Amino acid sequence: MPALPKSLSRICVALGSASPATLAQAAEREFKDGNTFLEFRLDYLPVPENGIALIEAFLKTRPEANVLATCRLSGHSGHFKGTIDQQTRLLAKAAVAGAFALDLEIESAERATAAVESMRERTPVVVSYHNFESTPSLEPVLRRLMKVRADAYKIATLARKPTDSLRLVEFLKQHHRKEHHKTPLIAFTMSEQGLCTRILSPGLGGLFTYAAPGGADGTAPGQIPARVMKSLYRIDKLSKESRVYGVIADPVGHSKSPQVHNRAFQARWIDAVYLPFHVTQAQLGDFMKLAAKLPMAGFSVTIPHKQKIMRYLNHVEPLAKRIGAVNTVWRKAGRWRGTNTDVEGVLKPLSRHLRLAHATVLLAGYGGAARAAAFALHDAGAEVSITGRDLRRASVLARAVNAKAVSLAQASDGAYDALVHATPVGMYPKVDESLFPESIPADVVFDMVYNPYETRLLKHARQQGCEVIHGADMFLEQAAQQFEIWSGESAPREVMQKALEAW
Ligand code: NAP
């Protein structure tokens, strides 16, 4: 009985195309991109039978490729409208055409054990379990799968919260440890919340993971392009020893931090990966359970968790405590520690343009980032005035840092050495907005907004002859400090800057 090759790529690119021509093009494009392990989803084709000739033709020109053939039934979360008998016959034909392995879902496999045995005579069979609703208890799932003899088992479940991913990770590690479980396992959670397991699972003993093709949708929730898996997350290099870092946010998809930090780890040859964790406001405690069990060494914290995270930490640096917000967490001797690197993110770029002691600074906003700026500027000896659309709320922050609260109209009529803008006004997609549409009352203008790179406020400031500081400078500075806290090494700033610009 043939076995699955030992030197299989860690990434299988799932190709589901609505026509044979686009499937052939996608396969060719992925192969040229260095992806030699491809899943052909025959059930996505209007006539799945047409996929057989496609596999044959593709493997004729690309004999080094490994094609996994799948033809999921429509009642089993696929698109194939035939019977189980037709399904297994089609897969058997795919094997004759050269597919190196076949995937059959458990719902079909347990009704067609004789057909599975017969397919395995020629080609390895992966028996798979999918749950697009939730992540149930995984041991019973595996027991169910193992009732059908197969060459590998696949478990893909939907993660709704961080501990769903945690259970999957623990299960995978346990399976890998058990000597008697010789059958390889492919296991991961789907959805944005489950992304960490898609990336970490091969390093934890999973046989491989699935990726989407470049420039097209994947075939399941949470799939990301193989190119991103390889070059950004370096999935081929990850092992159970690799340290895990990340960013927690809701939403998290837009974050530039994975780009910047992964490149920094790569530049310094550090065995670590930085992942985006989608964590809703209600899931912070649940995330901390995942963080405790992963080899997680630290993480960035952003909206909406900067305040609430503090209750989960063993130690918070005094300035972060005064600010009331933590954006950086790290684990030291098993204890979680927190600080706020937005402070340096504000001070460093500003002090390249002016001496902060006794400088008059207008701070627009009284949210999280503004609080960090207010305390940092106050401690640096600046004379701070705080403005915003709600004077009462500006006054609350002003009182905390011995500053003055001024209305937007008063602020616009004033004259300051610097303006620090800390509201989302002007941020993508509302790029035509500015909190100071008339004249800007400062010589140095610092906009924390970094998307777009140059906001309407900064363009206007340039026209007015002001010196400008981009939000990207702050982003880089706070990220560089995070990197140094986590790694104990100097941050590769140029690499980080390039990564930020390339995003
Ligand atoms: P936040 O805690 O939600 O605070 C937002 C602030 O903006 C509040 O003062 C809010 O006042 C005000 N605001 C919101 N919409 C407004 C509007 N339409 N007009 C006037 N004021 C408005 O957010 P944050 O974390 O402080 O972030 C603020 C900005 O800084 C964001 O654009 C964020 O992307 C940016 N930021 C950049 C960096 C970086 O590294 N460059 C770091 C942190 C933050 P109300 O309460 O009255 O709405």
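Residues take numbers from 1 onward in each chain, read along the sequence in its written order. Only residues with pLDDT of 70 or above have their local features reported here, since the model is predicted, and side-chain atom pairs are shown and tallied only from 80 upward, although totals for entire chains, interfaces and linings are computed over all residues. The basis for the side-chain values is all heavy atoms of the structure; hydrogens and waters are excluded.

**Q** How do you make sense of the sheet that holds strand β20 (residues 467-469) when you look at a structure like this?
**A** Think of a sheet as strands paired side by side through backbone hydrogen bonds, with each pair either parallel or antiparallel. Ordered in space as β17-β16-β15-β18-β19-β20, the six strands form an open sheet in which the pairing is parallel. Both edges of this open sheet fall to β17 (404-405) and β20, since each of them pairs with a single strand only. Strand pairing is assigned whenever DSSP detects at least two bridges linking the two strands. Strands here mean DSSP runs of E at least two residues long; helices mean DSSP runs of H or I at least four residues long; both are numbered from the N terminus. Taken together, the three bridges between strand β19 (residues 442-447) and β20 define a ladder with parallel strand orientation. Bridging from a neighbouring strand, Val445 pairs with Val468 of β20.

**Q** Is there a simple way to explain the pairing of strand β18 (residues 416-421) in this structure?
**A** A regular strand carries its side chains on alternate faces of the sheet. Each residue's exposure class comes from its accessible area (1.4 Å probe, protein chains only) as a fraction of the maximum for that residue type: buried when under 20%, exposed when over 50%, partly exposed otherwise. When you tally the buried positions in β18, you get five out of six residues, the bulk of the element. Pairing of strand β15 (residues 360-364) with β18 involves four bridges; the strand directions are parallel. In the sheet register, Val361 faces β18, and the bridge partner there is Ala418.

**Q** Explain the environment of Lys6 to me, please; I cannot follow it from the model alone.
**A** Tracing the backbone shows Lys6 in the segment before β1 (11-15). Along the primary structure Lys6 and Thr387 are separated by 381 residues, whereas in three dimensions their C-alpha atoms are 63 Å apart.

**Q** What exactly am I supposed to notice about the packing of helix α1 (residues 20-32) against helix α2 (residues 50-61) here?
**A** Each packed pair of helices is defined by two parameters, the angle between the axes and the distance between the axes. Orientation of α1 relative to α2, taken along the N-to-C sense of each, is 30°, at an axis distance of 10 Å. Here α1 is positioned roughly parallel relative to α2, judged by the angle of their axes. Between α1 and α2 the crossing geometry is right-handed. Note on element contacts: α2 touches α1 through Asn50, Leu54 and Phe58, opposite Pro20, Leu23, Ala24, Ala27, Glu28 and Phe31. Interaxial angles span 0 to 180 degrees and are taken between N-to-C directions of axes, which are lines fitted to C-alpha atoms, for helices over the stretch in contact. To sort the angles, those under 35 degrees are grouped as roughly parallel, those over 145 as roughly antiparallel, those from 65 to 115 as roughly perpendicular, and the leftovers as oblique. Less than a right angle of anticlockwise turn of the near helix away from the far helix marks a crossing as left-handed, whereas a clockwise turn marks it as right-handed. Contacts between residues were defined by any pair of non-hydrogen atoms, one from each residue, lying within 4.5 Å.

**Q** Help me out: how do you make sense of the pairing of β15 in this one?
**A** Most of β15 is tucked away, with four of its five residues classed as buried. Bridging between β15 and strand β16 (residues 383-387) involves five bridges; their strand directions are parallel. Each bridged residue has a counterpart across the sheet, and for Leu362 the counterpart in β16 is Ser385. In this fold, the crossover linking β15 to β16 by way of helix α14 (residues 368-379) has right-handed handedness. Here is how to tell: hold the view so the strands point away, follow the path from the first strand over the helix to the second, and if it runs clockwise the crossover is right-handed.

**Q** So what exactly am I meant to see when it comes to the domain arrangement of the chain here?
**A** Frequently, the measure chosen for interface size is the accessible area that the parts lose on association. As far as domains go, the chain holds domain 1 (11-241), domain 2 (245-340 + 477-502) and domain 3 (344-469). Domain segmentation is taken from an automatic or database assignment of domains. Look at where the C-alpha atoms of domain 2 and domain 3 centre, and you get two points 25 Å apart. On the side of domain 3, twelve residues touch domain 2, which itself brings nine residues to the contact. Throughout, buried area stands for the accessible area (probe radius 1.4 Å) lost by two parts on being put together, summed over both. Buried area between domain 2 and domain 3, summed over both chains or domains, comes out near 970 Å², and the portion from carbon and sulfur atoms is 55%. Of all residues in domain 2, the largest losses of buried area upon contact with domain 3 belong to Arg322, Ile323 and Glu477, amounting jointly to 54% of the total for that side. Note on definitions: salt bridges are taken to be side-chain nitrogens of Lys or Arg within 4 Å of carboxyl oxygens of Asp or Glu. Applying the counting rule to domain 2 against domain 3 returns three salt bridges. The shortest N-O distance in the salt bridge between Asp379 and Arg322 comes to 3.0 Å.

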